[in-house]
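Here are the chains, one letter per residue:
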Amino acid sequence: MEMEMKICQSCGMPMKEDQYGTNKDGSANSKYCCYCYKDGEFAQKCSMEEMVDFCAPFEVEGGRCKTLEEAKAGLMAYFPTLERWKE
């Protein structure tokens, strides 16, 4: 049985267990990745648009998008579905 891959609810990154963020007490937080969430708070105090700008180059680098514009458009559509950015 394959384990379901968790997705960071801030940046959308697929996470393995060793990439989970941490709560204030040091326990693992499976909702957010280690890059977005440390010691019970978000590592970046940023807007959704700023997070899109930060993540877009990784989409191009990973081959999921051809251009930054394509990546940003896709992330702007996707991020509002993630828990951190839901209105």
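Here the structure is shown first, and the text comes after it.
Counting of residues starts from 1 at the beginning of each chain's written sequence and follows it residue by residue. Under the rules for a predicted model, residues below a pLDDT of 70 receive no local features and side-chain atom pairs below 80 are neither given nor counted, while totals for whole chains, interfaces and linings still include all residues. To get the side-chain values, take all heavy atoms of the structure and skip hydrogens and water.

Across its full length, the protein chain carries 2 helices and 6 strands. Put simply, the protein chain runs from its N terminus to its C terminus through helices and strands in the order β-β-β-β-β-β-α-α. A radius of gyration in this sense is built from C-alpha atoms; the matching globule rule multiplies 2.2 Å by the number of residues raised to 0.38. Against the 2.2 N^0.38 benchmark of 12 Å for 87 residues, the protein chain shows a C-alpha radius of gyration of 13 Å, consistent with a compact globule. By principal-axis analysis of the C-alpha atoms, the protein chain measures approximately 40 × 35 × 20 Å. Each residue is assigned to one of three classes by its accessible area relative to the maximum for its type, calculated with a 1.4 Å probe on protein chains only: buried under 20%, partly exposed between the two thresholds, exposed over 50%. In the protein chain, buried positions account for 31% of the 87 residues. A sequence separation of at least 24 residues applies to 36% of the contacts in the protein chain between residues at least 6 apart. Areas reported as accessible are Shrake-Rupley estimates using a 1.4 Å probe. Residue values count occlusion only from the protein chains shown. Split by element, the accessible area of the protein chain, about 6,000 Å² in all, is 54% carbon and sulfur. Under the counting rule used here, the positive set is Lys and Arg, the negative set is Asp and Glu, and His together with the chain ends is not counted. Lysine's charge is taken at NZ, arginine's at CZ, aspartate's at CG and glutamate's at CD. Across the protein chain, the centroid of the 11 positively charged side chains sits 1 Å from that of the 16 negatively charged ones. Numbering of helices and strands runs from the N terminus, with a helix taken as a DSSP run of H or I at least four residues long and a strand as a DSSP run of E at least two residues long. Every residue pair with non-hydrogen atoms within 4.5 Å of one another is taken to be in contact.

Let us now look at the state of the cysteines. Criterion for a disulfide: a pair of cysteine sulfur atoms at a distance within 2.5 Å. Counted under the stated rule, the structure contains 0 disulfides. Left unpaired, Cys55 is separated from the closest cysteine sulfur, that of Cys11, by 5.1 Å. The thiol sulfur of Cys65 is not disulfide-bonded, and the nearest other cysteine sulfur, from Cys55, lies at 12 Å. Residue Cys65 is classed as buried on the basis of its relative accessible area of 14%.

As a further point, take the packing of aromatic side chains. Working definition: a ring pair exists when centres of Phe, Tyr or Trp rings (six-membered ring for Trp) sit within 6.5 Å. Plane angles under 30 degrees give stacked, over 60 give edge-to-face, the rest tilted. Counted by the stated rule, this structure contains 5 aromatic pairs. Members of the aromatic cluster, each reached through a chain of ring pairs, are Tyr32, Tyr37 and Phe42. In this analysis the charged atom, NZ for Lys or CZ for Arg, is taken to sit over a ring once it is within 6 Å of the ring centre and within 35 degrees of the ring normal. Over the face of the ring belonging to Phe42 we find Arg84, whose NZ or CZ atom lies 3.8 Å from the ring centre.

With that settled, consider the nonpolar core. When a protein is soluble and globular, its nonpolar side chains tend to lie buried together. The definition of a nonpolar core used throughout is a set of buried Ala, Val, Leu, Ile, Met, Phe, Trp, Tyr and Cys residues joined through side-chain atoms within 4.5 Å. One finds Cys8, Cys11, Met51, Phe79 and Trp85 to be the most contacted residues of the largest nonpolar core, which totals 20 residues. Top contributing element to this core by residue count: helix α1 (residues 48-61), with 5 residues. Discounting chain neighbours no more than four positions away, the residues touching Cys8 are Met13, Met15, Lys31, Tyr32, Cys33, Cys36 and Leu82.

At a closest axis distance of 8 Å, the pairing of α1 and helix α2 (residues 68-78) adopts a crossing angle of 130°. Here α2 runs oblique to α1, going by the angle between their axes. Seen along the crossing, α1 lies across α2 with a hand that is right-handed. Residues Met48, Glu49, Val52, Asp53, Cys55, Ala56, Pro57, Glu59 and Val60 of α1 form the contact with α2, whose own contacting residues are Leu68, Ala71, Lys72, Leu75 and Met76. In this description, a line fitted to the C-alpha atoms serves as the axis of each element, helices being fitted only across the stretch in contact, and the angle between N-to-C directions of two axes falls anywhere from 0 to 180 degrees. Working definition: roughly parallel below 35 degrees, roughly antiparallel above 145 degrees, roughly perpendicular at 65 to 115 degrees, and oblique for all remaining angles. Helix crossings are classified by the rotation of the near helix relative to the far one: an anticlockwise turn of less than a right angle makes the crossing left-handed, while a clockwise turn makes it right-handed.

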